Amino acid sequence: MYKNLRALLFRLEPEVAHQLTLQALRRAGDFPLSNWVLKLLYRAPAKPVEIFGLTFKNPVGLAAGYDKNALAIQGLAALGFGHVEVGTVTPRPQLGNPKPRVFRLLEDEAVINRLGFPSEGSEFVQMQLNPALRAGWFERSFGIQPRGERKKAFAVRKGDTILGINLGKNKETPNEEAVLDYLELLQNFAPYADYLTINISSPNTVGLRQLQGREALSGLLTHLHAQRKLDEDKLKKKLPLLVKLAPDLSASELDDAIDVILSTHMDGVIATNTTLARVGLKSLHQGETGGLSGRPLAGRSEAVLRHIVKRVDGKIPVVSAGGIMNPNDAKKRLALGASLVQVYTGLVYRGPGLVREIVRAL
């Protein structure tokens, strides 16, 4: 069924096709009957994984980038994911880079994007996660007295699917002040997230990857750990912090980053983000700037995973992302030492049934 739908979607511009599928999942997730149908169609067997003090119903998650503004969490959760990571969220709204900025490389089963963290901003995403805030915004804007029922806050309904939120700084925020953006986001989303991911590895925000250097990373993560402990005391819950790294770091740069991540008491690593490399591509779009994802990223992502797993030596879990296109790819990452895997571009080429395929194959 997805092959026929994909043929239609691939006739559209990538961002248009993405928005159509995202909105369809949003609508389907919001209505009980359509949500039930999705769960029936895409139900995956239970393969629980316990890490970060959390129980994931299976090890397959959705990587950040698909649902940047937390619009379709219920619909996505119905597709069988063990966890859904939304974002990247920035403190203030921003448009991202000029269009066109997403390109399909069909011959390579890949995508190049240079989105640049387009985000509706922290306040908007908080409203998606807490309908009471959304009602409050409407009432404040139009001077309506809130109903008693609307005063009660409640988090978005996601069932037993773990929710991660991916955090990034605004484009105009200099690296010297980036810690302020991340601290603001951590405080804003600590009540809603099961875990938070610190994104310092996107290639599409100028200078962001410099935050992966030892000194800059140490300063950033030290402050975030201190704030996290305050939030945990206030909320009475554990709040795991993960750090997402680039696949383009050298071995020594990876070692520096992992040493800092361990010394600042982070809870896990996500390896990897998209790559700037362009090795062996066939598509006419291979020269487009931005981060490359999909099949060509697999080899590099596996190499980085091996290095990180060896370096952390079981001290913290590692999540593998990048180039996971079928069940065998996922099984290989788990065999290499990943505790969880994340997919995104694989969904573009294989469809939502990929999640169930992977879980059944484990």
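One structure accompanies this document, and this report is about it. Note that the structure is a prediction, hence the values are computed from the model and not measured.

1. A word on the pattern of salt bridges
Piece 1. In the structure shown here, the tally under the stated rule is 18 salt bridges.
Piece 2. Arg 228 is the partner of Asp 267 in a salt bridge, and the nearest nitrogen-oxygen pair spans 2.7 Å. A residue pair is termed long-range when its members are at least 10 positions apart, and Asp 267 in the loop between α9 (251-263) and β10 (268-271) and Arg 228 in helix α8 (residues 214-235) qualify at 39 residues.
Piece 3. Accessibility expressed as a relative area gives 3% for Arg 228, which makes it buried.
Piece 4. One salt-bridge network, held together by shared partners, links Arg 214, Asp 255, Asp 256, Asp 259 and Arg 311.

2. With respect to the sheet that holds strand β11 (residues 291-294)
Piece 1. In spatial order, the strands read β5-β6-β11; together these 3 strands make up an open sheet with antiparallel pairing. Each edge of the open sheet is held by one strand with a lone partner, namely β5 (102-105) and β11. The mean inter-strand angle of the sheet, taken between neighbouring strand axes irrespective of direction, is 20 degrees.
Piece 2. Alignment of strand β6 (residues 110-113) against β11, held across 4 bridges, turns out to be antiparallel.

3. Section: the pairing of β6
Piece 1. The alternating pattern of β6 places Ala 110 and Ile 112 and Val 111 and Asn 113 on opposite faces, both of which are buried.
Piece 2. Direction of pairing for β5 relative to β6: antiparallel, over a ladder of 4 bridges. Note that in β6 the partner of Leu 105 across the bridge is Ala 110.
Piece 3. Linkage of β5 to β6, two consecutive antiparallel strands, is achieved through a turn of 4 residues, within which Glu 109 is found at a positive phi near 50 degrees.

4. Re the sheet that holds strand β3 (residues 60-62)
Piece 1. The strand order around the closed barrel formed by 8 strands is β3-β4-β7-β8-β9-β10-β12-β13, and the pairing between neighbours is parallel. Going from strand to strand, the sheet's axes swing by 25 degrees on average, the running direction of each strand aside.
Piece 2. Taken together, the 3 bridges between strand β12 (residues 318-321) and strand β13 (residues 340-343) define a ladder with parallel strand orientation. Opposite Ala 321, over in β13, you have Gln 342 as the bridge partner.

Thresholds, definitions, all that
- Numbers given for residues are sequential positions, taken from 1 along each chain in its written order.
- Since the coordinates come from a predicted model, pLDDT governs what is reported: local features require at least 70, and pairs of side-chain atoms require 80 or more to be given and counted, while whole-chain, interface and lining totals use all residues.
- Excluded from the side-chain calculations are hydrogens and water; all other atoms, namely the structure's heavy atoms, are used.
- Whenever Lys or Arg places a side-chain nitrogen within 4 Å of a carboxyl oxygen from Asp or Glu, that contact is recorded as a salt bridge.
- Helix and strand definitions here come from DSSP, where helices need a minimum of 4 consecutive H or I residues and strands a minimum of 2 consecutive E residues; each element is numbered from the N-terminal end.
- Each residue is assigned to one of three classes by its accessible area relative to the maximum for its type, calculated with a 1.4 Å probe on protein chains only: buried under 20%, partly exposed between the two thresholds, exposed over 50%.
- When DSSP finds at least two bridges between two strands, those strands are taken to pair.
- Under this scheme, a helix contributes an axis fitted over its contacting stretch, all axes are lines through C-alpha atoms, and angles between N-to-C directions fall in the 0 to 180 degree range.

Worth remembering: the numbers are spatial, not functional.
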